[in-house]
Amino acid sequence: MELRHLRYFIVLAEELNFSRAAERLHMAQPPLSQQIRSLENELGLQLFDRTTRPLQLTPAGQVFLEKARQVFLQVEQAMLSAQRASRGEIGRLTVGINTSIANSLLPDILRTFCKRFPDVELVLHEQASYQQLQELCHRRIDVGFVNLHHLQNMNDNDDSLSFMPILQEPFVIVLPESHPLAGQPQVSLEALADELFILPPPHLPSGLYCQIVTLCQRVGFSPKVRQEATWMSTVLSLVAGGVGISLLPANAQNLQRTGVVFRLIREQSPIFQMAIVWRRNDSSVILHNFLEVVRNLTQT
């Protein structure tokens, strides 16, 4: 049994006339009659009562008509779903995110993408940059947002990933609001030489620790680390509690932690850069639709 046999049957059941049905199907009447008879033989029952005028469906034919229409509806839905999937309009995308992208571009990216592709499920995983790169290589996420400094170091020996820079912003100095330097609109890095710092753990391959240490060493000192903390929210809480000071990308200001102030660096501001990264050989239409949204939002 083929779909065309069901189509012949449905049209004949609607017309209840072999001549009109053959005309709708753009075929001669004898072949149509032969195909219907073949279908009945395969089923082992009669679908039409040919003794009546006009032609009538048998009780079995009425049941078969209902189910045959359901089959065609499912086939049509399958075709439409496949076509939508080919355009990246349905499906799932697993996205790695970190604090920096969440504090900056992520709300606009999500709002724009979900408006254009409301039936695509976005699965978000909050992970550090180095974790996202590992998850990409193991195909557990489809795309991520990472510190460009770390990605460039990794990509020296790895050409399996592609990336696109999307954000650059200065570092800012994070101080307790009661700190003597809090009253200044800009603070020199040299003035921080004797301060106690809260920094990311040096063993984490995120790149942020190395960037901060390098900035301080450029003006003649190495930071005295009092406490290590991985997440920006934790760093801000520790600064608010008077444990020490820190340097963070400017997007940290969007967290608005009570008891903390942010001050610009007086010297030429160093740059923190973010990139979106994906597997080079990934041909997913959903992924490339997502990349297009990010590109349009960040490179205008």
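Here the structure is shown first, and the text comes after it.
Figured I'd write up the structure that's included with this text. This structure is a prediction, so every number in the text was calculated from the model and none was measured.

So, how was this worked out
- Residues numbered from 1 in each chain as written.
- Predicted model: local features only at pLDDT ≥ 70, side-chain atom pairs only at ≥ 80, totals over all residues.
- Heavy atoms only, no water.
- Helix = DSSP H or I, 4+ residues; strand = E, 2+ residues; numbered from the N terminus.
- Rg over C-alpha atoms; globule rule 2.2 N^0.38 Å.
- Buried < 20%, exposed > 50% of the residue type's maximum accessible area, 1.4 Å probe, protein only.
- Contact = heavy atoms within 4.5 Å.
- Axes fitted to C-alpha atoms, helices over the stretch in contact; angles between N-to-C directions.
- Parallel < 35°, antiparallel > 145°, perpendicular 65-115°, else oblique.
- Left-handed = near helix turned anticlockwise from the far one by under 90°.
- Nonpolar A, V, L, I, M, F, W, Y, C, P; charged D, E, K, R; others polar.
- Salt bridge = Lys/Arg side-chain N within 4 Å of Asp/Glu carboxyl O.
- Phe/Tyr/Trp six-rings, centres within 6.5 Å; stacked < 30°, edge-to-face > 60°.
- Pairing = 2+ DSSP bridges.
- Core = buried A, V, L, I, M, F, W, Y, C linked by side-chain atoms within 4.5 Å.
- Polar contact = N/O pair within 3.5 Å; in protein donor to acceptor, adjacent residues only side chain to side chain.

### A closer look at the overall build of the protein
So, point 1. Looking only at helices and strands, the protein features 11 helices and 12 strands.
So, point 2. The C-alpha atoms of the protein give 33 Å as radius of gyration, which overshoots the globular expectation for 300 residues (19 Å, by more than 25%).
So, point 3. Per-residue burial over the protein gives 45% buried out of 300 residues.
So, point 4. In the protein, once contacts between residues fewer than 6 apart in sequence are set aside, the share between residues at least 24 apart is 73%.

### Some points on the packing of helix H6 (residues 106-116) against helix H11 (residues 285-298)
So, point 1. Contact geometry for H6 and H11: axes closest at 10 Å, N-to-C directions at 130°. One way to sum up the angle between H6 and H11 is to call them oblique. The handedness of the crossing between H6 and H11 is right-handed. Between H6, through Asp108, Ile109, Thr112, Phe113 and Arg116, and H11, the contact on the second element is made entirely by Ile286, Asn289, Phe290, Glu292, Val293, Val294 and Leu297.
So, point 2. Considered class by class, the residues forming the contact of H6 with H11 number 7 nonpolar, 2 polar and 3 charged.

### Quick look at the pattern of salt bridges
So, point 1. Within this structure, the stated rule accounts for 14 salt bridges.
So, point 2. Its salt-bridge partner being Arg24, residue Glu15 comes within 3.0 Å of it at the nearest N-O pair.
So, point 3. Here Glu40 makes a salt bridge to Arg37, at a shortest N to O gap of 3.5 Å. Here Glu40 pairs with Arg37, and both are found in helix H3 (residues 29-43), just 3 residues apart, close to one helical turn.
So, point 4. With a relative accessible area of 36%, Arg37 lands in the partly exposed category.

### Here's the deal with the packing of aromatic side chains
So, point 1. Enumeration over the complete set of coordinates arrives at 7 aromatic pairs.
So, point 2. Centroid distance Phe113 to Phe290: 5.3 Å. Interplanar angle 70°. Geometry classified as edge-to-face. Of this pair, Phe113 sits in helix H6 while Phe290 sits in helix H11, and the two are 177 residues apart along the sequence. Take Phe113 and Phe290: they sit in the same class, and that class is buried.

### Some thoughts on the pairing of strand S5 (residues 143-147)
So, point 1. Judged by how many residues are buried, S5 sits mostly within the fold: 5 of 5 residues are covered.
So, point 2. Pairing of strand S3 (residues 91-97) with S5, which is carried by 2 bridges, proceeds in the parallel orientation. Within S5, the position partnered with Val95 by the bridge is Val143.
So, point 3. As paired strands, S5 and strand S12 (residues 271-279) are joined by 5 bridges and run antiparallel to one another. Looking at the pairing, Val146 lines up with Ala275 of S12.

### Details of the packing of helix H1 (residues 3-15) against helix H4 (residues 59-86)
So, point 1. Interaxial distance between H1 and H4 falls to 10 Å at its minimum, and their mutual angle equals 125°. The angle between H1 and H4 places the two elements in the oblique class. As H1 packs across H4, the resulting crossing turns out to be left-handed. Judged by residue contacts, Leu3, Leu6, Arg7, Phe9, Ile10, Ala13 and Glu14 of H1 engage Gly61, Phe64, Leu65, Ala68, Arg69, Val71, Phe72 and Val75 from H4.
So, point 2. In terms of residue class, the contact of H1 with H4 is built from 11 nonpolar, 1 polar and 3 charged.

### Some points on the nonpolar core
So, point 1. By size, the foremost hydrophobic cluster in this structure holds 46 residues, and its most contacted members are Val143, Phe145, Ile166, Leu192, Leu247, Ile276 and Phe290.
So, point 2. In this structure, Tyr8, Val11, Ala21 and Leu65 belong to the second largest nonpolar core, which totals 21 residues.

### Some thoughts on helix H7 (residues 129-137)
So, point 1. Within the sequence span of H7, burial applies to Ser129, Tyr130, Gln132, Leu133, Glu135 and Leu136.
So, point 2. Where H7 terminates, the next one or two residues include Arg139, which has phi positive at roughly 60°.

### Remarks on the side chain of Asn289
So, point 1. If you trace the backbone, Asn289 turns up in helix H11.
So, point 2. Residue Asn289 is classed as buried on the basis of its relative accessible area of 11%.
So, point 3. There is a polar contact of 3.1 Å between the side chain of Asn289 and the backbone oxygen of Arg87.
So, point 4. Ignoring sequence-local partners within four residues, the contact set of Asn289 consists of Arg87, Gly88, Phe113 and Phe117.

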